[in-house]
Each structure stands twice: as structure tokens, then as C-alpha cells.
There are 2 protein chains.
Amino acid sequence: MRRGYSGRVTDPAPRIPGPERRALTIASATDVFAARGYVGASTDMIARAAGISQSYVVRMFGGKEALFVEVIRRSLDRILEAFTAALDDAPPQPLTALGAAYVSLAQKEQVHLILLQAFAASGDPAVGPAARAGFEELLHFLLHTAHLSADDAEAFLARGMLINTLMAIGLPQGATGDAADLVERVFGPAAG
Amino acid sequence: MRRGYSGRVTDPAPRIPGPERRALTIASATDVFAARGYVGASTDMIARAAGISQSYVVRMFGGKEALFVEVIRRSLDRILEAFTAALDDAPPQPLTALGAAYVSLAQKEQVHLILLQAFAASGDPAVGPAARAGFEELLHFLLHTAHLSADDAEAFLARGMLINTLMAIGLPQGATGDAADLVERVFGPAAG
DNA sequence: GTCTATAGGGCGATAGAC
DNA sequence: GTCTATCGCCCTATAGAC
């Protein structure tokens, strides 16, 4: 008990429309999972970030596992949206346009880190299938929607995984020497 | 208590020379960390895999964090050894030789998974610096020992990160369609 | 829809014996 | 060197009130 009487003093959580609260919680979860990984993130950290109770997080999504799968799903959707928009804008050089789109996602989203954490947590019985399906969905898009050659698709994915890694180890912040050169090559002169 | 008297029945752990036991424990830890990740692996799982007690694992290395850093170090050494050998064998096409060496490491070692797990756990104050230093050491080797161009080094690292990812999601086992084609392109016709 | 309380289990690390 | 025992913490999920 926190108070001497039973009256309501603070709002128990501002009444936010259901779907919006859900989206907000997924966004908070994305930040926490990106920073701490699937196992390292706790439902309590996510709850605090979202301003709700730990048990409510579990109730709303059915468990931590299901929540992470939703986070993966949303990150993948963000990527595919950005890719689709990039293809619409610059049809002649799809490879360049997609690469630029993936890099610029890093400025506002945590999608790279979520992908890496999903791959790292593939040993989990629910995360593994989601991670694998996500990867295959991306591959399918590159081959059959962006119409990349097998060569280009492979090189694009490889470069994407390098970007994920560089983001994870924080190389874009404070690298010097050879590492700084690599960061500039991958992220462009604006990075750092 | 497991027995009615205090006599010794089973060896409490076969007397193995110190350094050898240490190496054996690092090998067991490598398997467990590769499969479960840094946070997901417990010192007790590692202890069981090594046939010793949980507390002894902690004592021997000073803690789970220090043990993982040693595992990362050993994996990196394995990679650099393999790369050095590959360069000695085939000086004319270093890029091809190094690529083949990295792929064939997958048959006996867990180095790819350990690298990925180290990158994923970079938020940890001891793991992060080790992961970053390992990556930079690899980059330095490619540029200044293998004498790759900046372009080649970037493409090689990117391909390496793709290999790590494919291993993590288990794509080489049981892929079909586009995914199987990608696996064959990356790992060669012998994979699956 | 949302909370508090708590059950129930696992974890890393330490103490201390041999 | 190596073990057993155990402490204190944190974690997910559930129960139950409002």
C-alpha cells in the first residue's frame, strides 16, 4: 500500500484508446529489446518505458515471447514500407535506392538492432520461426518485387547484415582510423 | 546429502591438469553461449556441459562476463589462425581463399555464432568493448595483413556477417526455394 | 482495462569444507 | 582444485480486486 486511504489520487494510467496504447507499448518494447536483447530485456523494463504495469504488458500480449514476435513483425513492416517507397521514387537504380533507404531507417528506427536480436534469439521456439520467416520475406521482396538479380540480392543482404552489426557495436559513434573509414563507406559522409 | 556415509565413491571430477581443464571449460562454454546467447546461457548449463560444478566455473574465470570475453577471444584467434593459413596456401587470390576459410570453419567451430552473440550482447559493459575490439582486429587484418582494398574488405566483412546470420537462423538446414539458392550461393554446393 | 500482490522458479556469486 | 550449500536478487506469469 502506498497511501493511507483508498481514494484515487493519481490516474492509474491515462485512458488511452486501446489500439493506441498497444502501439505505444510495442514502440517502448522495441527500444528495450533493441538495447538489451530478447532475453536481457524484462517485461518490467518495458512496462516502465510504456508507463504501465508489468502484469499488464504480459496480459496485453500474452507473454514476453509473443510481444517480441510482434516487435519483429512491426520492424519488418517498417522496412518493407521504406523499401516500397524507395522503389517508387527511383525505379532506374533499385539497388542504390534500397541501400539508401535501409541506411536512413537508422536515424529514426531501431529496426537494424531488432533484426540482429531476433537472429541472435533464434534458439527460442517462437522467435526462431519468426526470424527465419522475416528473413525469407525480405529475400522474396528483393528478388520478386524489386527484381534484383541473385547476385545483387545476396550483396544487398550481406551489406544489410554488416549495417546491423555496425549499429550493434556502436561503431558509427566515435570510430577512428580504419574503422571510421569503413563507417563512412557504409553509412555515407554524414555518419558519425 | 546424497549418501549415508562420507566416503568418496565417485571422483569429484577427474584430475585433469589445470590448463587443460580450463581449455575444456572454454570449449563447453562456447557451445552453450553459441546456442543460447550471452544472457540466455547460465553458468550452470556450462558447468554441466563441462562436467564440473557451477561454482567452480565462476571461480575459475571470475564470473560469467569474464568467461564470455575469453570465449570471444578464443573464437577470434581461431578465425585469424584459419585466415593466416589460407593466405599461406593461396597467395594469388586472397579474397577467395579467405572466404573459403571462413565458410569451412563452420564445419567444426561455433565461431560464427559466437561473433553474432557477442555483437548482440554489446550493451554489456565488458562484452561491448571486446566485441568492438574483435571487429576492429579483423578489419585491421584484412587491410594490413591480407592487403585487401577497402572495397574488398568491406564486401568480405559484409559477406561474413551474412554467413553469421544464416548460421544463426539455421537456414543451411532444410531451406527450400529462394532461400536454398541463397544458401548454395553462399556456402557452396556442398551445404545443406 | 488496469492495477497490486505474490507465487514459483532460476540465476550469479560467495562461504566454507576438504 | 574442487565441491556443496545457500544467500539475495530478478524474472515471468497468474490471481484477484476495482
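Anyway, here's the lowdown on the structure attached to this text. (Residues numbered from 1 in each chain as written. Chains lettered and ligands numbered in written order. Predicted model: local features only at pLDDT ≥ 70, side-chain atom pairs only at ≥ 80, totals over all residues. Heavy atoms only, no water.)

Some remarks on the nonpolar core
- Within the largest apolar cluster, 135 residues are counted, with the highest numbers of intra-cluster contacts made by A:Phe33, A:Phe135, B:Phe33 and B:Phe135.
- Broken down by element, this core gets its largest block of residues, 11 residues, from helix H4 (residues 64–89) of chain B.
- If sequence neighbours within four positions are ignored, B:Phe135 has contacts with A:Leu162, A:Thr165, A:Leu166, A:Ile169, A:Leu171, A:Leu182, B:Phe119, B:Leu157 and B:Met161. (Core = buried A, V, L, I, M, F, W, Y, C linked by side-chain atoms within 4.5 Å. Buried < 20%, exposed > 50% of the residue type's maximum accessible area, 1.4 Å probe, protein only. Helix = DSSP H or I, 4+ residues; strand = E, 2+ residues; numbered from the N terminus. Contact = heavy atoms within 4.5 Å.)

Focus: unusual backbone geometry
Residue and element names in this part refer to chain A.
- In this structure, His147 is a non-glycine residue whose phi angle is positive, near 60 degrees.
- Mapped onto the secondary structure, His147 falls in the loop between helix H7 (127–144) and helix H8 (150–168).
- Assessed through its relative accessible area of 62%, His147 is described here as exposed.

Examining the packing of aromatic side chains
- Taken as a whole, this structure holds 14 aromatic pairs over all chains when the rule is applied.
- With a centroid separation of 4.9 Å and an interplanar angle of 20 degrees, the aromatic rings of A:Tyr38 and A:Phe68 are classed as stacked. Here the residue A:Tyr38 occupies a position in helix H1 (residues 18–40), and A:Phe68 occupies one in helix H4 (residues 64–89), the gap between them amounting to 30 residues.
- Owing to a relative accessible area of 10%, A:Tyr38 belongs among the buried residues under this scheme.
- Looking at A:Phe68, the relative accessible area reads 0%, which means it is buried.
- For the ring pair A:Phe83 and A:Phe156, a centre distance of 5.7 Å and an interplane angle of 70 degrees mean the geometry is edge-to-face. Of the two residues, A:Phe83 sits in helix H4 while A:Phe156 sits in helix H8, which places them 73 residues apart along the sequence.
- Accessibility expressed as a relative area gives 11% for A:Phe156, which makes it buried.
- Feature note: the residues A:Phe83, A:Tyr102, A:Phe141 and A:Phe156 constitute an aromatic cluster, connected by ring pairs.
- Here the guanidinium or amino end of B:Lys64 rests over the ring plane of B:Tyr38, the centre of that ring lying 5.1 Å away. (Phe/Tyr/Trp six-rings, centres within 6.5 Å; stacked < 30°, edge-to-face > 60°. Lys NZ or Arg CZ within 6 Å of the ring centre and 35° of its normal.)

Considering the relation of the copies chain A and chain B
- Each copy superposes on the other: chain A lies on chain B with an RMSD of 0.0 Å after a rotation of 180 degrees and an axial shift of 0.0 Å. The transformation relating the two chain copies, once decomposed into turn and shift, fits a two-fold axis. Judged by C-alpha distance, A:Ala158 is the residue of chain A that lies nearest the rotation axis, at 2.4 Å.
- Interface overlap between copies is the fraction of interface residues in one copy that are interface residues in the other; for chain A against chain B it reaches 100%, indicating a shared surface. (Least-squares fit on C-alpha atoms with pLDDT ≥ 70 in both.)

Observations concerning the environment of B:Phe135
- Its place among the elements puts B:Phe135 in helix H7 (residues 127–144).
- The class for B:Phe135 is buried, based on a relative accessible area of 1%.

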